[in-house]
Amino acid sequence: LVLALNEEIDVLDHGFVKLKAFHGDDLSVINAARVSFATEHETMLQGDDKLIAFLMRERHGTPFEHNSFTFHVKAPIFVVREWMRHRIASYNELSGRYKTFENPCFYVPVKSWRQQVPDTKPGAYKYEDYQGNKDLLNEVVINFNSDCVAMYHYLLGRGVAREQARLVLPLSLYTEFYFTVNARSLMNFLSLRNHEQAQYEIREYAIVLEELWSEEMPVTAHAFRENGRVAP
Ligand SMILES: Cc1cc2nc3c(=O)[nH]c(=O)nc-3n(C[C@H](O)[C@H](O)[C@H](O)COP(=O)(O)OP(=O)(O)OC[C@H]3O[C@@H](n4cnc5c(N)ncnc54)[C@H](O)[C@@H]3O)c2cc1C
């Protein structure tokens, strides 16, 4: 990936991540730390990577907060429910009260249906490919989604308010939101969501976020990975 503002990076079947804006870089971490000694630099100096590694390792987290990344995201509602549990960020989301879903789209894991594994449990989640007929699942779910859309438009046609007509749309419905976050909180997000125990679908987004962020703060991202992906 080469960081490109406003470029849509596809995720899942209809989703995307788009970096809308950012400010701050590795140097902002260094200068925030060095303000303790009333010094400031225009560029990264030799050894600054070691200072960042030290801050990361010792969990001196606040120097990693003087930056900001704004992403525009399109994701299914069930992914967004997990995402918005991350409180140290700012969010704004598309409104189903104010806007009619003209052509709503839904996530269908066409090739990636998974089997319910009997002894799976929190902290030891297991993923296994679905053993049955995926084509059948796809057909049933796509038909169900079509019925939901028909019902949605039926309710709207009967004069039901948008805010209630949407009740018949499933959790796989795609929504859009803005997500603004600093590197410290983003690292917390990535440590939990770009992780093998995270649900596959949110992890697909976290992978893209990590790639975009790493391009802008490569020394910090390297230190994060070297430190066992623990947010400072
Ligand atoms: C694999 C996985 C499974 C999960 N399963 C469930 C589940 O079954 N049920 C469920 O409800 N949630 C579940 N969650 C969500 C999880 O409990 C967190 O709500 C979510 O990961 C956000 O993490 P966070 O609080 O660290 O992030 P943020 O809300 O962004 O907070 C960042 C950090 O700020 C600090 N902080 C924020 N708010 C407070 C506060 N009020 N008090 C003290 N410190 C604060 C903490 O240090 C926190 O780590 C799951 C998450 C994962 C990754």
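Note that the structure is predicted; figures quoted are calculated from it, not measured.

**A few points about the pattern of salt bridges**
- The final tally for this structure, using the stated rule, is 11 salt bridges.
- We note a salt bridge from Lys18 to Glu8, for which the minimum N-O separation is 4.0 Å. With Lys18 in strand β2 (residues 15-23) and Glu8 in strand β1 (residues 8-11), the pair connects residues that are 10 residues apart, well separated along the chain.
- The class for Lys18 is buried, based on a relative accessible area of 13%.
- Residue Asp129 pairs with Lys134 through a salt bridge whose shortest N-O separation is 2.9 Å.
- Judged by relative accessible area, Lys134 falls into the buried class, the value being 17%.
- When salt bridges with common partners are traced through the structure, they connect Glu210, Arg225 and Arg229 into a single cluster.

**What about the pairing of β1?**
- What you see with β1 is a clean split: Ile9 and Val11 sit on the buried side and Glu8 and Asp10 on the side with no burial.
- Examined bridge by bridge, β1 and β2 share four bridges and lie antiparallel to one another. Directly across from Asp10, in β2, lies its bridge partner Phe16.

**Thoughts on helix α6 (residues 183-193)**
- Counting buried positions along α6 gives eight out of 11 residues, so the element sits mostly inside the fold.
- Its buried side turned inward, α6 meets α2 (48-57), α3 (77-83), β5 (174-181), α7 (200-216) and α8 (218-226).
- In this structure Asn182 caps α6, since a side-chain oxygen of it lies 3.1 Å from the backbone nitrogen of Arg184.

**Some words on the pairing of strand β3 (residues 68-76)**
- By the criterion of burial, β3 is predominantly enclosed, with nine of the nine residues buried.
- Burial along β3 is two-sided: the residues Ser68, Thr70, His72, Lys74 and Pro76 and Phe69, Phe71, Val73 and Ala75 are all buried.
- By the bridge criterion, seven bridges tie β2 to β3 in an arrangement that is antiparallel. For Leu19, the partnering residue across the bridge sits in β3 and is Phe71.

**A look at the layout of surface pockets**
- By volume, the largest pocket is sized at about 310 Å³.
- Taken together, 13 residues line the largest pocket, and the ones lying closest to its centre are Tyr125, Tyr127, Gln197, Ala198 and Gln199.
- Looking at the lining of the largest pocket residue by residue, the classes come out as four nonpolar, five polar and four charged.

**Quick word on the packing of aromatic side chains**
- The final tally for this structure, using the stated rule, is 14 aromatic pairs.
- On the basis of an interplanar angle of 15° and a centroid distance of 6.5 Å, the ring pair of Phe69 and Phe71 is categorised as stacked.
- For Phe69, a relative accessible area of 0% gives the class buried.
- Since its relative accessible area comes to 0%, Phe71 is described here as buried.
- Between the aromatic rings of Phe78 and Tyr107, the centroid separation amounts to 5.9 Å while the plane-to-plane angle is 35°, which identifies the pairing as tilted. Placement of Phe78 in helix α3 and of Tyr107 in the loop between β4 (90-93) and α4 (134-157) is noted, with a sequence separation of 29 residues between them. Residues Phe78 and Tyr107 agree in their burial class; the two are buried.
- The structure contains a cluster of three or more aromatic residues connected by ring pairs, namely Phe22, Phe69, Phe71, Trp83, Tyr91, Phe177, Phe179, Phe189 and Tyr205.
- For the cation-ring pair, Lys74 lies above Tyr174, with the distance from its terminal atom to the ring centre recorded as 5.8 Å.

Thresholds applied
- Residues numbered from 1 in each chain as written.
- Predicted model: local features only at pLDDT ≥ 70, side-chain atom pairs only at ≥ 80, totals over all residues.
- Heavy atoms only, no water.
- Salt bridge = Lys/Arg side-chain N within 4 Å of Asp/Glu carboxyl O.
- Helix = DSSP H or I, 4+ residues; strand = E, 2+ residues; numbered from the N terminus.
- Buried < 20%, exposed > 50% of the residue type's maximum accessible area, 1.4 Å probe, protein only.
- Pairing = 2+ DSSP bridges.
- Contact = heavy atoms within 4.5 Å.
- Polar contact = N/O pair within 3.5 Å; in protein donor to acceptor, adjacent residues only side chain to side chain.
- 1 Å grid on protein atoms, 1.4 Å probe; cavity = no way out; pocket = protein on both sides within 12 Å on 5 of 7 lines; lining within 4 Å.
- Points joined across faces, edges and corners; volume = space filled by probe spheres on them.
- Nonpolar A, V, L, I, M, F, W, Y, C, P; charged D, E, K, R; others polar.
- Phe/Tyr/Trp six-rings, centres within 6.5 Å; stacked < 30°, edge-to-face > 60°.
- Lys NZ or Arg CZ within 6 Å of the ring centre and 35° of its normal.

In short, geometric facts, not functional conclusions.
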